Amino acid sequence: MSDIIKLLPDAVANQIAAGEVVQRPASAVKELLENAIDAGADTISLVIKDAGKALIQVIDNGFGMSETDARLSFERHATSKIKSAADLFNIETKGFRGEALASIAAIAQVELKTRVEGNDLGTQIVVEGSKVKEQEVCSTAKGTSFSIKNLFFNVPARRNFLKSNPVEIKHIIEEFQRVAMVHADISFSMYNNGNEVFNLKNGSFRQRIVGVFGDKMNQKLVPVEENTDIVSIAGFVGKPEFAKKTRGEQYFFVNDRFIKNSYLNHAVQNAFDQLLSKDQFPSYFLKLYIDPAKIDINIHPTKTEIKFEDERSIYAIIRTAVKQALGKHNIAPTLDFEQESSFNVPLMRSTDTIKVPTIKVNKDYNPFETKTVSPGSRSIIDRSQRKQSSENWESLYTDFEKDSTDILGNQSQKEEQQVISPEWNSNEAPDFDESEKQTLIQLHAKFILAQLKSGSLIIDQERAHTRILYETYIQNFAKGKGMTQQLLFPETIDFTSADAELINELQTEVKQLGFDFEKMGKSSFVVSGVPVELKEPNIKKIIEGLLEQFKMNESELKLKKHENLAISMARSASVRSGKKLSYEEMKALVDELFSCEMPYSLPNGKPTIITLNLEDLNQQFDY
Ligand code: ADP
Ligand code: MG
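A separate point is the overall build of the chain. On a plain count of helices and strands, the chain comes out with 18 helices and 22 strands. The long-range fraction of contacts in the chain, counting pairs at least 24 apart against all pairs at least 6 apart in sequence, stands at 69%. Summed over all atoms, the accessible surface of the chain reaches about 30500 Å², with 50% contributed by carbon and sulfur.

Written as structure tokens, this is what we have:
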């Protein structure tokens, strides 16, 4: 047999490498931004069109490239950053593999313009699918500009695999934020389809975090600082009272590189200890500096994971530093920090206790109160919105159970039918007189116990309301628009630049949910109407909750846009566990739940209701 092994042509090898290096537009953004930083730039701009699918351009004022370097930069394993294997243990630049540009050029049309200081003219090179199409001298500013056009133009399978623009732009913004946050000494700007999304002037780390997340962030930050032989830590944690319900603002940077590390994340979470409830996540922005010889950043091509030689000590140091920081700011005043204020051998004390701060909130405050239906009949669900339901929920339940409740037989089902009072058939909620009141009991401010003839139901109030709202929003999308309640006083709400951009991208859909708003300024919106179902007065909280859920679902689940928005909005706006409900509210909730198409579970399959069968109960009591 003749020899069959051949070396792959470069273009093919590069395309294969591109699969690893460039997963989506955001990966190219990261590589280009990092190259610009490595080039010593102090001003970097990112220009995006069509979520990076049409154009990603990064312009820097760094040291530029000579004509030969410009040409070589597209070759695989071409790098100016390491010279020998020994350098791998002392990496101080972002890049070192020399494969980013080769990979990007294999799957896009790339235009490079670059000029080094001292030269009058620069170099322009156009590469398309690894082939150099054009190379000429040009006049251009000092520094480098890379334009990546039509990413994946020659890999249709990858191009089709890209997500919708809002999702891809979200990933781009995330990369931009990660890079910009830790390089506060560099001015960064970002434009998306001609709109300025960020304009971050150089300054301190604190100023940069505030620049990225909005002015309100300033008051939320508690500084953290610690210097030991093993690691130096500088940065901030968020005050516990601002902790989020989802992991969002959690950033570790090791030697100015964003990393993810669940073990170290646990150290921070642990330092917050009893200051947070189980479902809350602290914000943190922590820069760690470690001897590069003591870490291995080479284990992942996109380099967000790294290995530490001394992970356990770093854990202990982070945990204690965060505890100290919270303590110094009187957030956990019972700790005696003096003993721990300087250390090289980190100690953990199991006796540490933290006093939980209390915040006074008037939970009953509701500016909509005067506008709701007559007193006493106020419900968490707008009754005028209610679907016409021809049967009561109890009979629906019986239908559902029909096949399995053979012990009750037809006779009992007839009895069940008789329970239907005529009022249930009308569009209005039934007006029970005391004697006819359904047995509904709220348990632990979380569940509703409802008695049926055949047993009992336990309904999870938060999930039930989420299901109801989810179906409402899905219907709104189908109809094209939800019902809007105009606000007496339109509210101006400031969002972070990233959230504002996401609202821009999703504005048609967010309006279909029932919101009425207009953009005003860079990242502010005037909200003049909200979905009628919405009873929570804090509109900003609801919209932020919606966006946060949306982002989380995008990365974790593969939902269609409408489904994602409907469930995210439902989650954000639903009545929470812990809220006491009046009888009328429970009644309306149960009633509305059973006029849903799928009352028994959430879209993710989690149950909204569990049943306690009378027969089973009897059996358990040995009747
Ligand atoms: P790496 O960053 O791993 O070295 P890249 O493929 O990203 O590999 O870049 C290859 C080389 O091109 C770099 O080592 C650098 O010398 C040069 N280069 C890339 N981008 C720039 C830039 N913006 N300014 C100056 N030189 C650059
Ligand atoms: Mg690079």
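The next point concerns the packing of helix α12 (residues 461-479) against helix α16 (residues 561-573). Running from amino to carboxyl end, α12 crosses α16 at an angle of 140 degrees, the nearest separation of the two axes being 8 Å. For the element pair α12 / α16, the angle class is oblique. When the axes of α12 and α16 are compared, the crossing they make is right-handed. Where α12 abuts α16, its residues His465, Thr466, Leu469, Tyr470, Tyr473, Ile474 and Phe477 lie against His562, Glu563, Leu565, Ala566, Ile567, Met569, Ala570, Arg571 and Ala573. For the contact of α12 with α16, the class distribution of residues is 11 nonpolar, 3 polar and 2 charged.

What follows is about the confidence of the model for the chain. When pLDDT is averaged across the chain, the result is 80; 81% of the residues are at 70 or more. Taken as a whole, residues 331-435 scores under 50 in pLDDT and shows 183 contacts with residues more than four places along the chain or in a different chain.

Phi at serine 130 takes a positive value of approximately 70 degrees, unusual for a residue other than glycine. When you line up the elements, serine 130 lands in the loop between β4 (122-128) and β5 (131-138). Of the residues examined, serine 130 reaches a relative accessible area of 25% and is grouped as partly exposed. Even without being glycine, asparagine 193 reaches a positive phi, approximately 45 degrees. With respect to the helices, strands and loops of the structure, asparagine 193 is situated in the loop between β7 (187-192) and β8 (195-200). Of the residues examined, asparagine 193 reaches a relative accessible area of 44% and is grouped as partly exposed.

Another aspect to go through is the site of ligand 1. Inspection of the region around ligand 1 gives 20 residues, with Asn35, Thr79, Ser80, Lys81 and Gly98 positioned closest. Interatomic distance of 2.7 Å between a backbone N/O atom of glycine 98 and an oxygen atom of ligand 1. A distance of 2.9 Å separates an oxygen atom of ligand 1 from a polar atom in the backbone of leucine 101. With the chains in place, 94% of the 530 Å² that ligand 1 exposes on its own is no longer accessible. Using a 2 Å cut-off from the grid points, one finds that ligand 1 occupies the second largest pocket. Among the secondary structure elements, those contributing two or more residues to the shell around ligand 1 are α2 (25-38), α4 (100-106) and β6 (143-149). Looking at side-chain class alone, the shell around ligand 1 contains 8 nonpolar, 8 polar and 4 charged residues.

Our next topic: the nonpolar core. In summary, soluble globular proteins display a tendency toward joint burial of nonpolar side chains. Formed by 62 residues in total, the largest nonpolar core has its most connected members in Phe188, Met190 and Phe285. Element by element, the count of residues in this core is highest for helix α6 (residues 165-182), at 8 residues. The residues that make up this core include at least three from each of domain 1 (10-203) and domain 2 (206-328). Not counting residues within four places of it along the chain, the set of residues in contact with phenylalanine 285 comprises Met181, Phe205, Ile209, Phe213, Met217, Leu221, Ala234, Gly235, Phe236, Glu249 and Tyr251.

An α-helical turn contains 3.6 residues, so a residue and the one three or four places further along point in the same direction. Its 18 residues place the ends of α6 26 Å apart at the C-alpha level, agreeing with the 26 Å of an ideal helix rising 1.5 Å per residue. Burial analysis of α6 places 16 of its 18 residues in the buried class, the great majority of the element.

Next up on the list: the pattern of salt bridges. Within this structure, the stated rule accounts for 13 salt bridges. A salt bridge links arginine 178 to glutamate 175; the nearest nitrogen and oxygen atoms lie 3.7 Å apart. You can see arginine 178 and its partner glutamate 175 sitting in helix α6, 3 residues apart, about one turn around the helix. Linking glutamate 548 and lysine 244 is a salt bridge whose minimum nitrogen-to-oxygen distance equals 3.4 Å. Of the two residues, glutamate 548 is situated in helix α15 (residues 539-556) and lysine 244 in the loop between β10 (232-238) and β11 (250-254); the sequence distance between them amounts to 304 residues. Take lysine 244: its relative accessible area is 22%, and that puts it in the partly exposed class. Bridged by salt links that share partners, the residues Glu174, Glu175 and Arg178 form one connected network.

If you trace the 3 strands from one edge of the open sheet to the other, you get β19-β21-β20, paired in antiparallel fashion. Bordering the open sheet on either side are β19 (484-494) and β20 (516-520), each of which pairs with just one other strand. Averaged over all pairs of adjacent strands, the angle between strand axes in this sheet comes to 10 degrees, irrespective of strand direction. Pairing of β19 with strand β21 (residues 524-531) involves 7 bridges; the strand directions are antiparallel. Note that in β21 the partner of threonine 492 across the bridge is valine 526.

As a further point, take the pairing of strand β2 (residues 55-60). Counting buried residues along β2, 5 of its 6 residues qualify, which places the element largely inside the surrounding structure. In terms of strand pairing, strand β1 (residues 43-49) meets β2 through 6 bridges, oriented antiparallel. Looking at the pairing, valine 47 lines up with glutamine 57 of β2. In textbook terms, the turn of a hairpin is the stretch between consecutive antiparallel strands, and for β1 and β2 this stretch comprises 5 residues, one of which, aspartate 50, has a positive phi near 55 degrees. As paired elements, β2 and β6 share 6 bridges and run antiparallel to each other. In the sheet register, leucine 55 faces β6, and the bridge partner there is lysine 149.

Glancing now at the packing of aromatic side chains. Here the structure, examined in full by the defined rule, presents 16 aromatic pairs. Plain terms: the ring middles of phenylalanine 205 and phenylalanine 253 are 6.5 Å apart, the flat faces sit at 80 degrees to each other, and that makes the pair edge-to-face. Of this pair, phenylalanine 205 sits in helix α7 (residues 205-213) while phenylalanine 253 sits in strand β11, and the two are 48 residues apart along the sequence. There is no split in this pair, since phenylalanine 205 and phenylalanine 253 are both buried.

Looking at the element boundaries, glutamine 442 is found in strand β16 (residues 440-443). Note on glutamine 442: relative accessible area 18%, which makes it buried. Within the local environment of glutamine 442, its side chain forms a polar contact with the side chain of glutamine 461, the two groups lying 2.7 Å apart. Within the structure, glutamine 442 has its side chain in polar contact with the backbone nitrogen of leucine 581 (distance 2.9 Å). Those residues within four positions of glutamine 442 in sequence are excluded, and the remaining contacts are Phe447, Ile448, Gln461, Lys579, Lys580, Leu581 and Met586.

Counting buried positions over the 5 residues of β11 gives 5, a clear majority of the element. Burial of the side chains of β11 extends over both faces: Gln250, Phe252 and Val254 are buried on one face and Tyr251 and Phe253 on the other. Across 3 bridges, the pairing between β11 and strand β12 (residues 257-259) is antiparallel. Of the residues in β12, the one forming a bridge with phenylalanine 253 is phenylalanine 258. Between the antiparallel neighbours β11 and β12 lie 2 residues, among them asparagine 255 with a positive phi of about 45 degrees.

Conventions adopted
- Residues numbered from 1 in each chain as written.
- Chains lettered and ligands numbered in written order.
- Predicted model: local features only at pLDDT ≥ 70, side-chain atom pairs only at ≥ 80, totals over all residues.
- Heavy atoms only, no water.
- Helix = DSSP H or I, 4+ residues; strand = E, 2+ residues; numbered from the N terminus.
- Contact = heavy atoms within 4.5 Å.
- Areas by Shrake-Rupley, 256 points an atom, 1.4 Å probe, with all protein chains shown as cover.
- Axes fitted to C-alpha atoms, helices over the stretch in contact; angles between N-to-C directions.
- Parallel < 35°, antiparallel > 145°, perpendicular 65-115°, else oblique.
- Left-handed = near helix turned anticlockwise from the far one by under 90°.
- Nonpolar A, V, L, I, M, F, W, Y, C, P; charged D, E, K, R; others polar.
- pLDDT = per-residue confidence, 0-100.
- Buried < 20%, exposed > 50% of the residue type's maximum accessible area, 1.4 Å probe, protein only.
- Near = heavy atom within 4 Å.
- Polar contact = N/O pair within 3.5 Å; in protein donor to acceptor, adjacent residues only side chain to side chain.
- 1 Å grid on protein atoms, 1.4 Å probe; cavity = no way out; pocket = protein on both sides within 12 Å on 5 of 7 lines; lining within 4 Å.
- Sits in = over half its atoms within 2 Å of the grid points.
- Core = buried A, V, L, I, M, F, W, Y, C linked by side-chain atoms within 4.5 Å.
- Domains from an automatic or database assignment.
- Expected span 1.5 Å × (residues − 1).
- Salt bridge = Lys/Arg side-chain N within 4 Å of Asp/Glu carboxyl O.
- Pairing = 2+ DSSP bridges.
- Phe/Tyr/Trp six-rings, centres within 6.5 Å; stacked < 30°, edge-to-face > 60°.

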